[in-house]
Amino acid sequence: MNYETWVLPALLGWPLAGAALLYLAPASRSKVLALAVSLIEFGISVPLWWRFVPAGGMQFAVDWAWIPYWGIRFHLALDGISLFMVLLTTFLVPLSVLGSWTYITKRERGFYALLLVLTTGMLGVFLSLDLFLFYVMWEVMLIPMYFIIGIWGGDNRIYAAIKFFLYTFLGSLLMLVAILGLYLHAAKSTGVYSFDYDSLLRYNMNLGPAAFWFFAAFFLAFAIKVPMFPLHTWLPDAHVEAPTAGSVILAGVLLKMGTYGFLRFALPFFPGVALSPVVQSVVVTLSVIGIIYGGLVAMVQPDFKKLVAYSSVAHLGFVMLGIWALTLQSVQGALLVMINHGISTGALFFLAGMLYERRHTRLLDAFGGLARVVPFLAAALTIVSLSSVGLPGTNGFVGEFLILIGAFKTYPVAAVIATAGVIVAAMYLLPALQKIIYTPLTKPENQKLRDLSARELIVLAPLLAAIIWIGVYPRPFLSRMEPAAQHLIETVRLQAPAALR
Amino acid sequence: MSLDLSTYADLMRALSPESALTVGTLLVLMLVAWRHRTLTDLRLAGWATLVSLGVTAALVWWLWWNRTSVEGIAQMIAVDDFRFVTDWIFLGAAALTVLFSFRYLEREQLLAPEYYPLLLFAVLGMMFMGGGEDLMVIFLGLELMSISVYVLAGFNRKSPRAAEAALKYFLLGAFASAFLLYGIALMYGATGTTNLSFIGVQVQSLGLGHMPLFLIGVGLLLVGFGFKVAAVPFHMWAPDVYDGAPTPVTGFMATGVKAAAFAALFRVVIESLGGAGGWPVIIAGLAVATMVGGNLIALAQRSVKRMLAYSSVAHAGYLLVAVVSGGPGSAAFIFYLVAYGITTIAAFALLAAKGKGGESDVRIDDLSGLSTSRPWLAFALTVSMLSLLGFPGTAGFMGKWYILIGAVATGHTTLAIILVLTSVASAGYYLPVVMAMYMKPATHAEAHAGMVFDRIGRVTLAVAVAAMLWFGVAPGRLFELSRTSGASLRAAPAMADEPTPASTTETTSAR
């Protein structure tokens with residue numbers, strides 16, 4: 001057995017086994033065990049970075065029969081797009097476990113078990129190359145997240161949990177009908193009953209008018225998840241109410257499932273519809289609205305977590321713009337922002353959690369002058385905020401810059417407006433930063449806070465390192481995603497005119 | 001083994017499961033007549049019932065294993081996989097009900113062992129409904145089943161609610177039977193036969209597709225069935241009756257009785273109607289009304305039992321979508337019944353364990369905090385709710401998926417979309433149960449102290465939950481069984497002017 005053949009099934013199976021393990025061990029050991037399991041999971045995934053061949057297309061594939069009755073297969077593989085999503089996930093999960101160390105105090109075992117099950121679901125979404133399997137994974141990850149928000153969340157957790165569930169469920173069920181339609185449509189003309197990604201992809205030219213409806217269903221499912229502008233209302237509730245680890249995973253990974261869905265399914269399957277003038281203008285307009293609107297709303301939030309939540313809407317607007325612009329730079333930029341957002345926003349949520357644990361409030365006005373009291377925490381918060389704003393030298397700059405250059409070729413006006421979004425980002429994050437750490441230290445509650453513990457430093461250090469690494473030397477990332485991005489653009493661009501006819 | 005039903009020997013072979021069950025029922029009845037005083041007697045009757053059900057299932061298995069079929073057209077009783085598999089479903093539903101009834105009857109002081117023979121008689125009726133090849137056989141089966149269930153619904157004599165439920169069920173049920181019988185009479189008038197296959201032949205050769213007499217007959221027949229499956233707008237009785245009946249009986253009614261009516265409906269529409277009589281439009285309308293109505297009213301319920309009652313109305317709507325899809329739908333129906341049956345009976349059993357003295361008063365909020373005091377029961381109820389919701393990883397999802405694929409394949413995309421949208425709505429009443437159990441604290445420390453299962457109940461529940469998860473992950477074998485049994489229904493000859501949708505046959509081979 002060489003690494004190439006077992007790594008993907010192991011990545012999916014190990015967290016599930018780990019969750020079962022948690023129930024065999026005493027409850028007091030849960031978090032240690034969960035940390036070990038998630039670190040091993042990360043360890044399993046790390047060699048992917050070197051073993052991955054950028055020009056090699058889909059790799060590490062396993063393809064087993066699951067329900068032969070309908071041609072449903074257990075088909076996993078990984079390319080330059082999913083590689084980073086997988087690594088991001090396995091990277092964030094151990095940090096989330098560590099970040100929940102003192103935050104989660106009740107029913108620890110259940111929490112960590114759900115976190116591990118969630119890991120399997122998320123990785124499954126990024127690795128599935130069978131549409132049925134993809135759908136199942138897409139749904140399965142809902143339940144653990146629903147419980148994480150609903151049991152360990154804030155005061156308004158039940159409302160947030162059900163809202164999160166219903167939004168996603170609505171989108172995904174319509175997507176299920178579209179997947180079915182696609183499958184039957186393809187089967188009718190080719191005689192092959194299969195949910196396999198490649199065989200459905202090969203068929204995508206002959207859909208006719210049905211393509212629009214299929215696209216619409218996929219679009220809805222993914223746009224809710226991203227979330228795109230008018231569909232984003234579940235996000236602030238879910239992000240704010242979720243416990244720290246939940247917010248980190250939500251922002252870091254779950255939102256990327258939407259943009260990943262566009263890259264992997266919606267665009268290559270329906271290039272003609274996706275690049276038709278109407279759809280283009282709608283998507284680009286909504287993305288730009290998302291960038292500006294998200295920023296403006298973030299500006300007036302008194303609650304730090306809510307501010308970060310709305311900033312996600314803006315960042316993901318950049319990603320959508322980059323994807324739809326469909327130039328090499330913009331797609332690479334979009335992929336990079338997906339990674340960056342996972343790292344920076346993840347770090348912001350960790351910091352928000354740490355502040356909350358110290359002061360039991362997230363209101364910006366409750367803080368002030370923390371730089372004197374907790375210098376390390378303040379420094380970390382500064383670096384992370386600057387990365388989120390997109391300061392050159394941090395990861396945020398590289399991604400957004402690539403998107404804007406790339407998008408300028410296709411949508412000059414939208415790119416110019418989006419550039420203003422970068423300024424808006426500075427306008428909401430820097431004042432927040434100022435309020436928390438730089439204003440005079442007037443409140444007595446703030447004068448005796450403790451600085452970062454060793455554990456918290458361990459949580460933040462890898463994130464800070466990644467921020468600087470990608471900011472200074474993004475080449476290893478870009479070179480690994482370039483062939484996949486190039487391939488995507490070619491498939492879509494080449495087929496779009498043919499499908500439009 | 002091929003049977004010639006004109007010979008007694010072969011007829012007896014074909015009827016061996018029903019005969020065995022009749023004998024078994026009579027034996028249990030005698031047993032009950034002699035010994036009906038103590039708890040031990042009650043338990044003995046329960047075990048004897050399980051033995052009868054087991055023997056019958058084994059005989060069905062024997063017929064199935066030998067690939068029994070019949071030469072030519074069957075006169076009275078069908079000998080096909082559809083009958084065998086639906087028989088197993090009825091027997092299984094009854095067995096689960098018995099297993100969950102042991103403790104319930106003792107706790108509620110319903111020390112009347114007649115319960116068990118009544119259950120057996122009902123199953124016998126169901127078997128005739130699922131296997132009847134003649135409208136008269138179906139009708140007799142329906143009556144046998146209904147009358148037994150009327151009594152079961154009012155079994156708790158001390159409860160005025162149960163009495164009301166039984167009376168309501170009886171009066172409305174009698175009406176429905178009359179409709180059905182009148183429909184049968186008109187169809188007989190139009191075609192000169194009550195045999196399902198002959199009706200199909202007659203309709204095609206005489207061109208009766210638009211004959212008023214025939215159409216009215218079909219309409220009345222559908223009203224009768226619509227009542228039995230509790231389709232909106234014939235569902236009015238269901239919530240009250242489900243609410244008033246003893247909880248295990250409610251589970252049995254929501255699965256077995258409904259399954260039998262659907263099985264007969266499938267046989268009638270596929271074997272004798274084909275594309276004639278405009279039934280697909282009527283059923284599609286009923287399906288939409290039932291899905292929308294059932295789900296919306298369920299959203300407003302606070303009592304768990306009533307919520308489950310309306311949820312079962314909604315599920316009848318999903319099954320009606322399968323009926324509209326015809327051929328592929330009959331396979332989906334089998335799978336769905338297994339998934340839904342296990343789930344529903346388990347859910348009602350959990351409710352029965354929670355409640356005391358008429359569970360109708362268990363509100364959703366009364367389940368608050370169950371996960372901390374009874375984690376495994378909370379887990380079981382969560383899996384049941386997710387399976388009812390049709391969530392991936394559970395049997396309910398595979399069932400819904402099968403119905404959806406049949407509907408989309410036969411071009412009923414609108415129905416499929418309504419099905420998924422109403423499923424989203426159903427999350428609005430299944431999830432609060434989960435929410436109460438996991439996300440709200442218990443009202444007081446002893447809130448769930450009384451919620452206990454006996455050992456039989458625990459094991460049965462564990463098996464049921466395992467089955468829900470197993471069929472959600474590895475449904476392959478059950479799919480295969482559903483497909484062969486669904487395909488074993490002999491389709492009516494195609495109409496000259498109204499061809500059966502070509503896709504019907506196409507998707508049967510679609511795999």
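Note on numbering: residues in each chain are counted from 1, in written sequence order. For naming, the first written chain is A and the first written ligand is 1, with later ones following in the order written. Owing to the predicted nature of the model, reporting of local features is limited to residues with pLDDT of at least 70; listing and counting of side-chain atom pairs is limited to 80 or more, with chain, interface and lining totals taken over all residues.

Caption draft 1: Molecular detail of the overall build of chain A. Numbering of helices and strands runs from the N terminus, with a helix taken as a DSSP run of H or I at least four residues long and a strand as a DSSP run of E at least two residues long. Scanning chain A from terminus to terminus reveals 22 helices and two strands. Relative to a compact globule of 501 residues, whose C-alpha radius of gyration would be 23 Å, chain A shows 22 Å and is just as compact. Across its three principal axes, chain A shows a C-alpha extent of roughly 75 × 55 × 40 Å. The long-range fraction of contacts in chain A, counting pairs at least 24 apart against all pairs at least 6 apart in sequence, stands at 80%. Atoms counted for the radius of gyration: C-alpha only. Globule rule: 2.2 Å times the number of residues to the power 0.38. Any residue pair is listed as a contact if its two C-beta atoms, each placed from the backbone, are within 7 Å.

Caption draft 2: Just the overall build of chain B, in detail. The helix and strand inventory of chain B stands at 21 helices and two strands. In summary, chain B has a C-alpha radius of gyration of 22 Å against a globular reference of 24 Å for 511 residues, a match within 12%. For the exposure call, what matters is how many other C-beta atoms sit within 10 Å of a residue's own: 20 or more marks it buried, 12 or fewer exposed, and in between partly exposed, using C-beta atoms placed from the backbone. Classification of the 511 residues of chain B by burial places 62% in the buried group. In chain B, the proportion of contacts linking residues at least 24 apart, taken out of those at least 6 apart, comes to 81%.

Caption draft 3: Focus on the pairing of strand β1 (residues 59–67) of chain A. Residues and elements named next belong to chain A. One ladder, built from six bridges, connects β1 with strand β2 (residues 72–78); its direction is antiparallel. From the neighbouring strand, Trp-64 faces β2, where its bridge partner is Phe-74. In short, DSSP must find at least two bridges between two strands for them to pair. The hairpin turn running from β1 into β2, its antiparallel successor, is four residues long, and Gly-71 in that turn takes a positive phi close to 70°.

Caption draft 4: Molecular detail of unusual backbone geometry. The omega angle of the peptide bond from A:Val226 to A:Pro227 is -10°, so this bond is cis rather than trans. Along the polypeptide, A:Pro227 turns up in the loop between α10 (210–225) and α11 (234–241). Each neighbour pair has its own omega, and for B:Val232 with B:Pro233 the value is 10°, a cis peptide bond. Among the structural elements, B:Pro233 can be located in the loop between α9 (212–228) and α10 (237–244). Despite not being glycine, A:Arg107 shows a phi value in the positive range, around 50°. Tracing the chain through its elements places A:Arg107 in the loop between α4 (82–99) and α5 (108–127). Phi angles above zero are rare outside glycine, and B:Gln109 is one such case at about 60°. Taking the number of C-beta atoms within 10 Å as the measure of exposure, B:Gln109 has 10 and is therefore exposed.

Caption draft 5: Structural view of the packing of α10(B) against helix α13 (residues 304–324) of chain B. Residue and element names in this part refer to chain B. Note on method: axes are straight lines fitted to C-alpha atoms, helices fitted across the in-contact stretch only, with angles between N-to-C directions ranging 0 to 180 degrees. Following both chains from N to C, one finds α10 and α13 inclined at 135°, their axes separated by 9 Å at the closest point. In this view, α10 runs oblique relative to α13, as classed from their interaxial angle. With respect to the hand of their crossing, α10 and α13 are arranged in right-handed fashion. Residues Ala-238, Pro-239, Tyr-242 and Asp-243 of α10 lie in contact with α13, whose contacting residues are Lys-305, Arg-306, Ala-309, Tyr-310, Ser-312 and Val-313. Our angle categories are set so that under 35 degrees counts as roughly parallel, over 145 as roughly antiparallel, 65 to 115 as roughly perpendicular, and the remainder as oblique. Two helices crossing with the near one rotated counterclockwise from the far one by less than a right angle form a left-handed crossing, whereas a clockwise rotation gives a right-handed crossing.

Caption draft 6: Structural context of the interface of chain A and chain B. Contacts between the two partners involve 26 residues from chain A and, on the opposite side, 24 residues from chain B. When the residues that make up the side of chain A that touches chain B are grouped by side-chain class, the tally is 22 nonpolar, two polar and two charged. Only Asp, Glu, Lys and Arg are considered charged, only Ala, Val, Leu, Ile, Met, Phe, Trp, Tyr, Cys and Pro nonpolar, and every remaining residue, Gly among them, polar.

Caption draft 7: Just the nonpolar core, in detail. To define a nonpolar core, we join buried Ala, Val, Leu, Ile, Met, Phe, Trp, Tyr and Cys residues through C-beta atoms within 7 Å and take the resulting set. Membership of the largest hydrophobic core comes to 399 residues, with the highest contact counts inside it found for A:Phe218, A:Ala266, A:Leu321, B:Val123, B:Ala153, B:Phe335 and B:Tyr336. Per-element tally for this core: the top contributor is helix α8 (residues 157–190) of chain A, with 21 residues. Among all residues touching B:Val123, those that are not within four sequence positions of it are B:Leu21, B:Phe90, B:Leu91 and B:Ala94. Listed in part, the seven residues of the second largest apolar core include B:Leu3, B:Ala14, B:Ala78 and B:Val79.

Caption draft 8: Structural view of the environment of B:Leu142. Residue and element names in this part refer to chain B. Mapped onto the elements of the fold, Leu-142 is located in helix α6 (residues 135–153). Classification of Leu-142 by C-beta neighbours within 10 Å gives buried; the count is 27. Between the C-alpha atom of Leu-142 and that of Trp-65, which follows or precedes it by 77 residues, the distance is 27 Å. For Leu-142, the contacting residues outside a window of four places in its chain are Gly-125, Met-129 and Ser-177.

Caption draft 9: Inspection of the confidence of the model for chain B at higher detail. All names here are of chain B. pLDDT: the predictor's confidence for each residue, scored from 0 to 100. Put simply, chain B has an average pLDDT of 86, and 95% of its residues get 70 or more. Low confidence marks residues 496–511, where pLDDT is under 50. Its contacts with residues over four positions away, or in another chain, come to 33 contacts. The ipTM assigned to the predicted complex is 0.86, against a pTM of 0.90.

Caption draft 10: α10(A), seen in detail. All names here are of chain A. Between the first and last residue of a helix there are one fewer steps than residues, each counted as 1.5 Å, and that sum is the expected span. Taking 1.5 Å per residue as the helical rise, α10 with its 16 residues ought to reach 22 Å, and the 23 Å between its terminal C-alpha atoms agrees with that figure. Burial in α10 covers these residues: Ala-211, Phe-214, Phe-215, Ala-217, Phe-218, Phe-219, Ala-221, Phe-222, Ala-223, Ile-224 and Lys-225. The secondary structure elements touched by the buried residues of α10 are α8, α12 (244–269) and α13 (271–274).

Caption draft 11: Expanded view of the packing of helix α14 (residues 277–299) of chain A against helix α15 (residues 304–325) of chain A. Residues and elements named next belong to chain A. The N-to-C vectors of α14 and α15 enclose an angle of 155°; their axes lie 7 Å apart at closest approach. The angle between α14 and α15 places the two elements in the roughly antiparallel class. For the pair α14 and α15, the crossing hand works out as left-handed. Here Gln-280, Val-283, Val-284, Ser-287, Val-288, Gly-290, Ile-291, Gly-294, Gly-295, Val-297 and Ala-298 of α14 lie close against α15, whose contacting residues are Leu-307, Tyr-310, Ser-311, Val-313, Ala-314, Leu-316, Gly-317, Phe-318, Met-320, Leu-321 and Trp-324.

Caption draft 12: Spotlight on helix α17 (residues 395–409) of chain B. Residue and element names in this part refer to chain B. When the terminal C-alpha atoms of α17 are compared, their 21 Å separation across 15 residues agrees well with the 21 Å that a helix rising 1.5 Å per residue should span. The element α17 is largely enclosed, with a buried count of 15 among its 15 residues. Looking one or two residues beyond α17, the residue adopting positive phi is Gly-411, at roughly 85°.

Caption draft 13: Local environment of the environment of A:Leu457. Residues and elements named next belong to chain A. Considering the arrangement of structural elements, one finds Leu-457 in helix α21 (residues 454–472). By C-beta crowding, Leu-457 is classed as partly exposed, having 14 other C-beta atoms within 10 Å. As for Leu-457 and Leu-286, which are separated by 171 residues in sequence, their C-alpha atoms are 38 Å apart.

Caption draft 14: Structural detail: the environment of A:Ile292. Residue and element names in this part refer to chain A. By secondary structure assignment, the location of Ile-292 is in helix α14. Exposure remark for Ile-292: the 18 C-beta atoms within 10 Å place this residue in the partly exposed category. The spatial distance from the C-alpha of Ile-292 to the C-alpha of Leu-11 is 38 Å, given a sequence separation of 281 residues. Not counting residues within four places of it along the chain, the set of residues in contact with Ile-292 comprises Ile-417, Ala-420, Gly-421 and Val-424.

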